[in-house]
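# Coordinates in review
Letter by letter, the chains look like this.
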Amino acid sequence: MFHSFFPKPKLFFGSFVLWGIGCVLLWFLGATHWGETFSLGPLVGFDFPAALGEDATEEAQAAFAAAAESAQNFWFYQYMLVCYALFVGFWMIWSPHKWGRWSVFGSAVILFINWFMVQLDVLINEWFGDFYDYIQIALSGDETYSLAYHNGLLLTFLKIAMTWMLIAVFNAFLVSHYVFRWRTAMNDYYTSVWPRVRHVEGASQRIQEDTMRFAGTVERLGISIIDSFLVLIAFIPILWELSAYVTRIPIFGEVPQPLVFTAIMWSVIGTAIVAAAGIRLPGLEFRNQRVEAAYRKELVLGEDYEDRAQPPTLAELFGNVRRNYFRLYLNYLYFNIFRYSYLQMGALVPYFALGPTIVSAGFTFGVMQQILRAFGRVENSFQFLINSWPTIVELMSIYKRLAAFEAVIDGDRLSDIEYEVKQAGITE
């Protein structure tokens, strides 16, 4: 699954994590101040402005802050691109791979695009704060908030949103091609060793259908994982800063960084409860694939042989399908009770946590909107397992089936679940 597409998968992913952590630490430990020396921004108009005098006007100070922010942003993206280029260049040279352009370079491009989209989301979050603050001013009867300014704010949002939309469309197109290349790599590898795996139960289905489902599931789940991780990196600092407006929360009283504390506590507790409720689902999904494969195989054999696919045999095989589905339905019943109850109650958590601050008028309407949106983004990222559990279960069942190929190819013993003949109702 991974060796066919990535060069030295364990080492590749491990080095990526370590390299990423190292680059982040280097940025905060010193690289953030290297821009004035190494930035290429001055070549395209993003110079670091000269220091202002003590008698500088407010307009000059505002212009200085805007220019410094633009120059620093340019240096940040330059630093990030250099880090990407060094990592990709190293792997492309040190461990050449047939699919390296997609697995190494393509992964880096997709990760960078998703990071940029999260940054646009951060800009939208800031826009909401300013917009609702101005709405509050306008509703109070302040005539300084004109219609022209109102429309200008809407135009600003439209520019950010349209940029996000165009990049999102391109990213979806790129990811679709990326995962199909991954499926192609798996298909080529498995078909090249077909004589060694053809005796594995449902071998043809595993190569054709399971690789297709693996690619589709990775496309949905992989982007969600990346987005959740990047959102946490981008929005936790925002929620951390916004926690300055909140002095205490119900039940716990005064705690450090109450908004971050609430988001983490609620998400961890809910994830643990829901994960426990759905712990049996991966195994049931895997067995479901086995009983479906047995039923389908008998029908296919019945197309060529008159003595196969007889009604008693089909009734027995379909009975196995029915029993496993009913077990799945029962497990999903109580799993969804916990899952949907938790998600519905979660909508009230930020309002409950902000209750004392709202009553004491501790912030403006715009700040509250920023807090609610940032809290929701952080909470949803922490709740990734809950929101994606059915997809994760599906991927785990596919992984178990494809792992059988890996075991046969490597000469290893198949997993215990492959030998659960009685439970699956399959005669090997």
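Fair warning: this is a prediction, and the values are worked out from it, not measured in the lab.

### Digging into a positive patch on the surface
Residues Arg 280, Arg 322, Arg 323 and Arg 327 make up a contiguous surface patch of positive charge. As for its placement among the helices and strands, Arg 323 is situated in helix H10 (residues 311–346).

### Structural notes on the domain arrangement of the chain
Domain assignment breaks the chain into domain 1 (1–95) and domain 2 (98–424). Taken together, the 16 residues of domain 1 in the interface contact 26 residues of domain 2. A combined buried area of about 1800 Å² lies between domain 1 and domain 2, and 81% of that area is made up of carbon and sulfur atoms. For the interface between domain 1 and domain 2, the tally reads zero salt bridges. Elements represented by at least two residues in the side of domain 1 that touches domain 2 include exactly helix H1 (9–29) and helix H3 (58–94). Sort the elements by how many residues they give to the side of domain 1 that touches domain 2 and H3 lands first, with eight residues. Its residues assigned to classes, the side of domain 1 that touches domain 2 comprises 15 nonpolar, one polar and no charged.

### Observations concerning the packing of helix H7 (residues 203–242) against helix H8 (residues 258–277)
H8 packs onto H7 with a crossing angle of 130° between their chain directions and a minimal axis gap of 7 Å. It follows from the interaxial angle that H7 and H8 lie oblique. The residues of H8 that touch H7, namely those facing Ile 236, Leu 239, Trp 240 and Leu 242, are Leu 259, Val 260 and Ala 263. Residue classes in the contact of H7 with H8 are distributed as seven nonpolar, no polar and no charged.

### Some words on the pattern of salt bridges
Taken as a whole and judged by the stated rule, the model has four salt bridges. Between Asp 121 and Arg 377 there is a salt bridge; the shortest N-O distance is 2.6 Å. Remark: Arg 377 occurs in helix H12 (residues 365–382) and Asp 121 occurs in helix H4 (residues 100–139); sequence separation between them is 256 residues. Among the charged side chains, a network of salt bridges with common partners joins Asp 121, Arg 373 and Arg 377.

### Let's talk about the UniProt feature "transmembrane region" (unreviewed entry) in the chain
Residues annotated by UniProt as "transmembrane region" (unreviewed entry) correspond here to residues 12–30, 74–94, 101–118, 157–180, 221–240, 260–281 and 348–368. As annotated, residues 260–281 comprises 86% helix and 0% strand, and the C-alpha atoms at either end are separated by 31 Å.

What counts, and where the lines are drawn
- Residues numbered from 1 in each chain as written.
- Predicted model: local features only at pLDDT ≥ 70, side-chain atom pairs only at ≥ 80, totals over all residues.
- Heavy atoms only, no water.
- Patch = residues over 30% accessible without salt bridge, like charges linked within 9 Å, V, L, I, M, F, W, Y side chains within 5 Å.
- Areas by Shrake-Rupley, 256 points an atom, 1.4 Å probe, with all protein chains shown as cover.
- Salt bridge = Lys/Arg side-chain N within 4 Å of Asp/Glu carboxyl O.
- Lys, Arg positive; Asp, Glu negative; His and termini not counted.
- Charge placed at Lys NZ, Arg CZ, Asp CG, Glu CD.
- Helix = DSSP H or I, 4+ residues; strand = E, 2+ residues; numbered from the N terminus.
- Domains from an automatic or database assignment.
- Contact = heavy atoms within 4.5 Å.
- Buried area = accessible area lost by both parts, 1.4 Å probe.
- Nonpolar A, V, L, I, M, F, W, Y, C, P; charged D, E, K, R; others polar.
- Axes fitted to C-alpha atoms, helices over the stretch in contact; angles between N-to-C directions.
- Parallel < 35°, antiparallel > 145°, perpendicular 65-115°, else oblique.
- UniProt positions renumbered as here; feature names shortened; annotations may be inferred.

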